[in-house]
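Next come the chains, spelled out residue by residue.
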Amino acid sequence: ALGERRAKAERMFGLMDGFLKSDPISLQKDILNHVEYTVARSRFSFDDFEAYQGLSHSVRDRLIERWHDTQLYFKRKDPKRVYFLSLEYLMGRSLSNSVINLGIRDEYAEALSQLGFEFEVLAEQEGDAALGNGGLARLSACQMDSLATLDYPAWGYGLRYQYGLFRQLILDGFQHEQPDYWLNFGNPWEIERIHVTYPVKFYGTVEEELLNGKKCKVWIPGEMVEAVAYDNPIPGYGTRNTITLRLWAAKPSDQYDMESYNTGDYINAVVNRQKAETISSVLYPDDRSHQGKELRLKQQYFFVSASIQDIIRRFKDAHNNFDEFQEKVALQLNDTHPSLAISEVMRVLVDEENLDWSRAWGIVCKIFSFTTHTVLAEGLEKIPVDLLGSLLPRHLEIIYDINFNFVEELKKRIGMDYNRLSRMSIVEDGAVKSIRSANLSIVCSHTVNGVSRVHFELLKTKLFKDFYELWPEKFQYKTNGVTQRRWIVVSNPSLCGLISKWLGTEAWIRNVDLLTGLREYAANADLQQEWKMVRKVNKMRLAEYIEAMSGLKVSLDAMFDVQIKRIHEYKRQLLNILGIIHRYDCIKSMNESDRRKVVPRVCIIGGKAAPGYEIAKKIIKLCHAVAEKINNDSDVGDLLKLVFIPDYNVSVAELVIPGADLSQHISTAGHEASGTGCMKFLMNGSLLLATADGSTVEIIEEIGAENLFLFGAKVDEVPMLREKGTDMRVNLQFARVVRMIRDGYFGFQDYFESLCDTVDGGSDFYLLGSDFGSYLEAQAAADKAFVDQEKWTRMSILSTAGSGRFSSDRTIQDYAENTWGIERCRCPF
Ligand code: GPW
């Protein structure tokens, strides 16, 4: 039989023409074949979108070859693998990223130009994959790129939402949410695996049974759905390795509801079946608060259950003893969203694999690591016990048991300190009894990571103080990073070329520390000249986009000042807008000769507000109201413009970031766990205007405080300032701009009232008032530096040169070595 199989394989291999070729003629043939046979358009008549489809299918074929080889290689080598569990991934577009990582970007560009198409134009046809909200989700995407590039044996697991993050439509300055049905036009970047499916159970009861004289628990589910795998190959750069992002979609299960067909109501039975699909239908659009929603909990368990079944299946293919599990498997929890994985692994090991509780517990404690992304206790997830008990009755029991053992152990360690015991308990006995997902994750993980040093300090001294004192050795931090492949090579090709030219190598694309080599040329007149040219071209691209979008013409001589991120009170877009009002007010009161000294600005703001977050929505409206006033004031002209970029997403970021002279990262100190936008701007040579919060503290250490504009209260000053409150009689400039809004200077007087209430008088929780003075000073310093273009350009070069530490390659290597304990596994070419 073995001989027969081998003969068959050899015959098949003989029928293959070897691997796909990537010379221009072969690429053209492939693209046209896909247009004709896959897209089913005539090769003599197809439009740009169809050309994009044919093109992306030909790229997909090349991805699949490498992906197959990598997966086969991993299987043969059987290394320890890391499984990255995340409910959100913000992948953006895939075409450019794929051809660049495959190393065939230029070949494709040439092939297309011979066919009469331009690569860039076709790349613009692709929509974003927006299966996430903000920083956390884009971080997952950057980390997947680094995992592939650094040859780590890794899998990403998540949910294949049919509706990604809502599209933001602005009408009259107000945000409206539109569904993002992104799969409408097909998705060439995924591979549907109709045979990779697992049943996922919900509801029902737990019963006790006797098995071989041993009591065991059996979960009799009340509902069952099927999880189907969709694989998204993630290619590494400069390597053949191509890893898997496996996203699960919910489908009705055939195994379960046979009964309902026999009731006679066939139509209703089919319609009810279809409801299973709602589990993976839509991404929750609130960045961080989705407490107590049953559908959300269902999503979490659905993706966790399917992933754990898949992981255990893969383990059992090669091993038959669970003692080896921890040597082969590392499970990474991306925030608490996948924390049900802990009780799920316990359940499978104890109830299905019949391991003793203590043996199962020993395994669980060695495989999980947990990264937290928040600073605020309010941001921590809680699952109401009633909800969990009804949806996942066995999990509730298991979590209670874990908690019982933990609290018993804790009593031995710390004694009967009831306050501390109740703070640390996994179960919270409040008005609504609930499970604290963070406590569960900390208790059961071998390592807890923060996402920047400041964040780590706050975890130790505030958020997780009790746990840190108990287990200091568990706590680490891995400062976030972003991938230079996406954020320089894909999004800023001219800067990429310039860097490679001056460093004399492209090696920095895999080894980003080499960027420091730019430091020695920071004052070089030739580099400065070329650097300015590149920046100008990028500003032009951005200016064209702004004009196409809003009709507003902006001057390229102005400083482009950008703040793009989710709208949150703590991120203080309102501080930015109040600063703009102040600038406007100053210009209005100047005489002609003073106006000639003003450094012209184009202020650009973009970001989405969670649909239920009223104050954030008011900030968006205020931005439009202020823009309306300023942009139409002939006294002001080119000295000041304000633009709101609608529907901010990954591909908009790729366009905006390279065109920014200045970017703002101005959260109240102690509130941004890390921040990653700042790193993308830094890489692209934008200067930062920032508070000493999250990762900016480490950026300062890398590039020097003299190369950015720092302002505002420090983390340890915040509590005192909050206590003190903002005195409007002292902060006159601040009082004046808030008054202008209150007096209806920008219209919508009543509507903005509650927004003004958040910052003046007694409240001002985020300290806009007390930071306002130093914010204006930092802005003035930026103006002054901009006038000296030689100095500015030097600072810009030094920003890029110092950005190497903020590559996700560094973060991932640190995780691999110090948290997951995995090694590289490079597929030979
Ligand atoms: F609340 N972050 C985010 F901590 O984008 F879970 N969404 C979230 O729901 C949370 C955090 C959560 C962000 C942080 O705000 C940002 O500071 C950090 O850079 C990013 O996650 C990646 O770690």
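Everything that follows concerns the structure shown earlier in this document.
Being a predicted model, the structure only gives us computed values, none of them experimental.

1. Examining the sheet that holds strand 1 (residues 81-85)
Either a parallel or an antiparallel arrangement is found when strands of a sheet pair, and the pairing is made through backbone hydrogen bonds.
In step 1: The strand order 7-10-11-4-1-12-13-17-18 describes an open sheet built from nine strands, whose pairing is mixed. Looking at which strands have only one partner, the edges of the open sheet turn out to be strand 7 (191-202) and strand 18 (475-477). Direction aside, the axes of adjacent strands within the sheet are offset by 25° on average.
In step 2: Relative to strand 18, strand 17 (residues 447-450) runs parallel, the two sharing three bridges. The residue bridging G450 from the neighbouring strand is Y477, located in strand 18.
In step 3: Relative to strand 11 (residues 242-252), helix 3 (residues 48-77) is tilted by about 100°, and along the sheet it contacts strand 1, strand 4 (154-159), strand 7, strand 10 (223-235) and strand 11.

2. What to know about the layout of surface pockets
Any empty space left between the atoms is revealed when a probe the size of a water molecule rolls over them.
In step 1: Taken as a whole, the second largest pocket encloses approximately 1000 Å³ of empty space.
In step 2: Along the wall of the second largest pocket there are 39 residues; nearest its centre are S96, E120, V490, S491 and P493.
In step 3: Those elements that provide at least two residues to the lining of the second largest pocket are helix 4 (95-102), helix 5 (105-115), helix 6 (119-123), helix 20 (484-490), helix 21 (493-503), helix 22 (525-550) and helix 26 (650-656).
In step 4: Taken together, the residues that form the lining of the second largest pocket break down as 17 nonpolar, ten polar and twelve charged.

3. Concerning the pairing of strand 17
In step 1: In strand 17, alternate side chains face the same way, and those of T447 and N449 on one face and V448 and G450 on the other are all buried.
In step 2: Where strand 13 (residues 368-371) lies against strand 17, three bridges are found, and the strand directions are parallel. Each bridged residue has a counterpart across the sheet, and for S369 the counterpart in strand 17 is T447.

4. Quick word on the site of the ligand
In step 1: Of all residues adjacent to the ligand, which total 18 residues, the nearest are L136, H373, N480, E672 and G675.
In step 2: One nitrogen or oxygen atom from the side chain of E672 is found 2.7 Å from an oxygen atom belonging to the ligand.
In step 3: The contact in question runs from an oxygen atom of the ligand to an N or O atom on the backbone of G675, over 2.7 Å.
In step 4: Bound to the protein, the ligand loses 96% of the 480 Å² it would expose on its own.
In step 5: Classifying every residue of the shell around the ligand gives five nonpolar, nine polar and four charged.

5. Re helix 21
In step 1: Those residues of helix 21 that sit buried are L495, C496, L498, I499, S500, W502 and L503.
In step 2: Contact partners of the buried residues in helix 21: helix 20, helix 22, helix 27 (677-683) and helix 33 (789-801).
In step 3: Of the residues trailing helix 21, G504 is marked for its positive phi of about 70°.

6. Re helix 2 (residues 24-38)
In step 1: For helix 2, built from 15 residues, the straight-helix expectation of 21 Å at 1.5 Å per residue is met to within 8% by its first-to-last C-alpha distance of 20 Å.
In step 2: Where helix 2 is concerned, the buried positions are S26, L27, Q28, D30, I31, L32, H34 and V35.
In step 3: Buried-residue contacts for helix 2 involve helix 3 and helix 5.
In step 4: Just downstream of helix 2, A40 is the residue with a positive phi angle, here 60°.

7. A short note on the pairing of strand 4
In step 1: Most of strand 4 sits inside the fold, with six of its six residues counted as buried.
In step 2: Side chains A154, G156 and G158 project from strand 4 onto one buried face, and the interleaved W155, Y157 and L159 project onto a second face that is buried too.
In step 3: In this structure, strand 1 lies alongside strand 4, joined through four bridges in parallel fashion. Directly across from Y83, in strand 4, lies its bridge partner W155.
In step 4: In this sheet, strand 11 lies alongside strand 4 in parallel orientation, the contact comprising five bridges. Pairing of W155 across the sheet is with T244, part of strand 11.

8. Comments concerning unusual backbone geometry
In step 1: The phi dihedral of D151 falls on the positive side, at around 65°, and the residue is not glycine.
In step 2: Within the element layout of this structure, D151 appears in the loop between helix 7 (135-149) and strand 4.
In step 3: What makes D151 buried here is its relative accessible area of 3%.
In step 4: A positive phi angle, near 60°, is found at R572, a position not held by glycine.
In step 5: Turning to its location among the elements, R572 is positioned in the loop between strand 19 (559-564) and helix 23 (573-588).
In step 6: The buried category is assigned to R572, whose relative accessible area is 1%.

9. Points about the packing of helix 2 against helix 3
Working note: a packed helix pair is described by the angle between its axes plus the distance between those axes.
In step 1: In the contact formed by helix 2 and helix 3, the axes pass within 8 Å of each other and the chain directions differ by 115°. Between helix 2 and helix 3 lies a crossing of right-handed hand. Touching L27, D30, I31, H34, V35 and T38 of helix 2 are E50, G54, L55, H57, S58, D61 and R62, all from helix 3.
In step 2: Its residues placed into classes, the contact of helix 2 with helix 3 shows four nonpolar, five polar and four charged.

10. Re the packing of aromatic side chains
In step 1: Scanning the model with the defined rule gives 33 aromatic pairs in all.
In step 2: For the ring pair F202 and Y301, a centre distance of 5.9 Å and an interplane angle of 75° mean the geometry is edge-to-face. Placement of the pair is F202 in strand 7 and Y301 in helix 10 (residues 294-318), with a sequence separation of 99 residues.
In step 3: Take Y301: its relative accessible area is 1%, and that puts it in the buried class.

11. Regarding the environment of Q484
In step 1: Looking at the element boundaries, Q484 is found in helix 20.
In step 2: It is 9.8 Å that separates the C-alpha atoms of Q484 and N511, two residues lying 27 residues apart in sequence.
In step 3: If near-sequence neighbours (up to four positions away) are discounted, Q484 is found in contact with V489, W508, I509, R510, V512, M683, S807 and D809.
In step 4: For Q484, the side chain forms a polar contact with the main-chain oxygen of W508, separated by 3.4 Å.

Rules and cut-offs
- Residues numbered from 1 in each chain as written.
- Predicted model: local features only at pLDDT ≥ 70, side-chain atom pairs only at ≥ 80, totals over all residues.
- Heavy atoms only, no water.
- Pairing = 2+ DSSP bridges.
- Helix = DSSP H or I, 4+ residues; strand = E, 2+ residues; numbered from the N terminus.
- Axes fitted to C-alpha atoms, helices over the stretch in contact; angles between N-to-C directions.
- Contact = heavy atoms within 4.5 Å.
- 1 Å grid on protein atoms, 1.4 Å probe; cavity = no way out; pocket = protein on both sides within 12 Å on 5 of 7 lines; lining within 4 Å.
- Points joined across faces, edges and corners; volume = space filled by probe spheres on them.
- Nonpolar A, V, L, I, M, F, W, Y, C, P; charged D, E, K, R; others polar.
- Buried < 20%, exposed > 50% of the residue type's maximum accessible area, 1.4 Å probe, protein only.
- Near = heavy atom within 4 Å.
- Polar contact = N/O pair within 3.5 Å; in protein donor to acceptor, adjacent residues only side chain to side chain.
- Areas by Shrake-Rupley, 256 points an atom, 1.4 Å probe, with all protein chains shown as cover.
- Expected span 1.5 Å × (residues − 1).
- Left-handed = near helix turned anticlockwise from the far one by under 90°.
- Phe/Tyr/Trp six-rings, centres within 6.5 Å; stacked < 30°, edge-to-face > 60°.

On their own, these measurements won't tell you what the molecule is for.
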